[in-house]
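# Summary of the model geometry
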Amino acid sequence: MPLEDGDPARRRGLWVNGEVSSTPRLGETGNPPLRGMPAPDSSRTEVMAEGWEPGPAMGDGDVTPRGALQQAGQHEEALMAELSELVQKVVKSSSWWERHGVDITILACGFLLLPAGFLCLRSAQAVPFLVGVLTLGVVHHTLTVKGSHLASHNALTESKSWGKVWAIFFIELCSAFTAEQATYNHVKIHHGYTNVIGLGDSSTWKLPFLNRYVYMFIAPLAVPIITPLVALDLLRNVEWKAALRTLCCMFLGLYCHYWLLLHVSGFQSTWSALLCMLLTRSLLAHPYIHVNIFQHIGLPMFAADRKPKRIHLMSLGVLNLPRNTLLDWSFGHSLISCHVEHHLFPSLSDNMCLKIKPIVSQYLKQKKLPYNEDTYTSRLWLFLQRYEELMVHAPPITELVGIQ
């Protein structure tokens, strides 16, 4: 399934299973135009983050002397450089197994479990049938959320060519989405402008016409249906060759799932097979939607011309959830307990984000920088209580007092 973002100029799409949206119109942010640019290719042994750009530290209305502003900006860049050096040492000392092998093995295990899941659905007994549904549901989200997310950041391999292949496979074939739009909007926009109003502020996930209970507990069931529909709409923004490839991959992935349910699992009708597809593909849709809003919305938001440097932007606007065995396996550490680390160093794999977590958390706390953590239950209760404020009304812009 493709993952988050928002655009004030037009209603943006939803990358259901890995974060995506339609191409935004960038404002005057001091950054080079991003429209049409491919997702950045970064070496897996280089931990410089996508979207790391200077940008103004304060707005024109700030009364701090210009020299002090420049000095503050240089200090923040020095902090990011120092943290990057610490992380780089860990990456260089890590084996291929740690950098890529662990996550590739998890994805491979997902593929190996597919036959068992389809065969369990042949049973007329309730327990084996439910085991089949659970197996296929977990495998689906492992491939579409974890696989698509890692592929969008080219974190599965050090080869750029193979990275492109894996992006097409996981995002288009498995997730029924478009790789170009998914990568552009997630890597370039969401990561480059995290919590910047109108760009990477996660407003794609807001549906203000729904009440809190429908949005939080019923709407996620429609994620498998919304995903390909949004993808079809976004194909207008890509070249015809890419659009044709995406259409073929989407059709192939959906039809293979349908065909296996008929010929391996033994479903007797089209509607029963489609219903089973919906059930397995929406099995973890609730935590998927929740995770995408819990970890950014409700945290400080910034105007494009009044945002802090990268290390402050990410430490202020990103939150980690506790480790959870099911979600760690299906979504990956970088989307659950290591989201701060992932936003600081998005080219690293899930396992490497977990490995650098102690270093990042200790460094940010040592430098008196925010390191946001909260429980899933606490965030769920917060959103139910403050739904109108967080998900309906426009978020307030955070003033940069005291963080420069």
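Rules used in this analysis
Residues numbered from 1 in each chain as written. Predicted model: local features only at pLDDT ≥ 70, side-chain atom pairs only at ≥ 80, totals over all residues. Heavy atoms only, no water. Disulfide = S-S within 2.5 Å. Helix = DSSP H or I, 4+ residues; strand = E, 2+ residues; numbered from the N terminus. Buried < 20%, exposed > 50% of the residue type's maximum accessible area, 1.4 Å probe, protein only. Contact = heavy atoms within 4.5 Å. UniProt positions renumbered as here; feature names shortened; annotations may be inferred. Polar contact = N/O pair within 3.5 Å; in protein donor to acceptor, adjacent residues only side chain to side chain. Axes fitted to C-alpha atoms, helices over the stretch in contact; angles between N-to-C directions. Left-handed = near helix turned anticlockwise from the far one by under 90°. Nonpolar A, V, L, I, M, F, W, Y, C, P; charged D, E, K, R; others polar. Core = buried A, V, L, I, M, F, W, Y, C linked by side-chain atoms within 4.5 Å.

Turning our eyes to something else, we now look at the state of the cysteines. For the structure on display, the rule yields zero disulfides. Sulfur of Cys338: no disulfide; nearest cysteine sulfur belongs to Cys353 and is 6.0 Å away.

Moving on, we come to the environment of Met277. Within the secondary structure, Met277 is located in helix 9 (residues 270–281). Judged by its relative accessible area of 7%, Met277 falls in the buried class. Each C-alpha atom of the pair Met277 and Leu254 lies 9.0 Å from the other, and the pair is 23 residues apart in sequence. Sequence-distant contacts of Met277, that is, excluding residues within four places in its chain, are made with Leu254, His257, Tyr258 and Leu261.

Glancing now at the UniProt feature "transmembrane region" (unreviewed entry) in the chain. UniProt annotation of "transmembrane region" (unreviewed entry) refers to residues 104–121, 126–143, 213–235 and 242–260 when read in the numbering used here. End C-alpha atoms of residues 104–121 are separated by 27 Å, and the span's content is 94% helix alongside 0% strand. Secondary structure across residues 242–260 comprises 100% helix and 0% strand; the distance between its end C-alpha atoms is 27 Å.

Turning our attention to the side chain of Ser175. Along the chain, the position of Ser175 falls in the loop between helix 4 (160–174) and helix 5 (179–190). A polar contact of 3.5 Å, which involves the side chain of Ser175, links it to the backbone oxygen of Thr144.

This part is about the packing of helix 3 (residues 126–152) against helix 4. Two numbers describe how helix 3 lies on helix 4: the axes approach to 9 Å, and their chain directions differ by 145°. Pair helix 3 / helix 4 crosses with left-handed handedness. Seen from helix 3, the contacting residues are His140, Leu143, Thr144, Gly147, Ser148, Ala151 and Ser152; seen from helix 4, they are Gly163, Trp166, Ala167, Phe170, Ile171 and Cys174. Classifying every residue of the contact of helix 3 with helix 4 by side-chain character gives seven nonpolar, six polar and no charged.

Its place among the elements puts Ser123 in the loop between helix 2 (96–120) and helix 3. For Ser123, a relative accessible area of 25% translates into the label partly exposed. Sequence spacing of Ser123 and Ser265 is 142 residues, and the spatial spacing of their C-alpha atoms is 8.3 Å. Discounting residues that sit within four places of it in the chain, Ser123 has contacts with Pro128 and Phe129.

All right, on to the nonpolar core then. Residues Leu344, Phe345, Val360 and Leu364 are the most contacted members of the largest nonpolar core, which totals 31 residues. Secondary structure elements with two or more residues in this core: helix 1 (66–92), helix 5, helix 11 (310–317), helix 13 (339–344) and helix 14 (350–366). Residue contacts for Val360: discarding those within four places in its chain leaves Leu83, Val87, Glu341, Leu344, Phe345 and Tyr371. Formed by 28 residues, the second largest nonpolar core is a distinct cluster that contains Val145, Tyr215, Met216 and Leu299.

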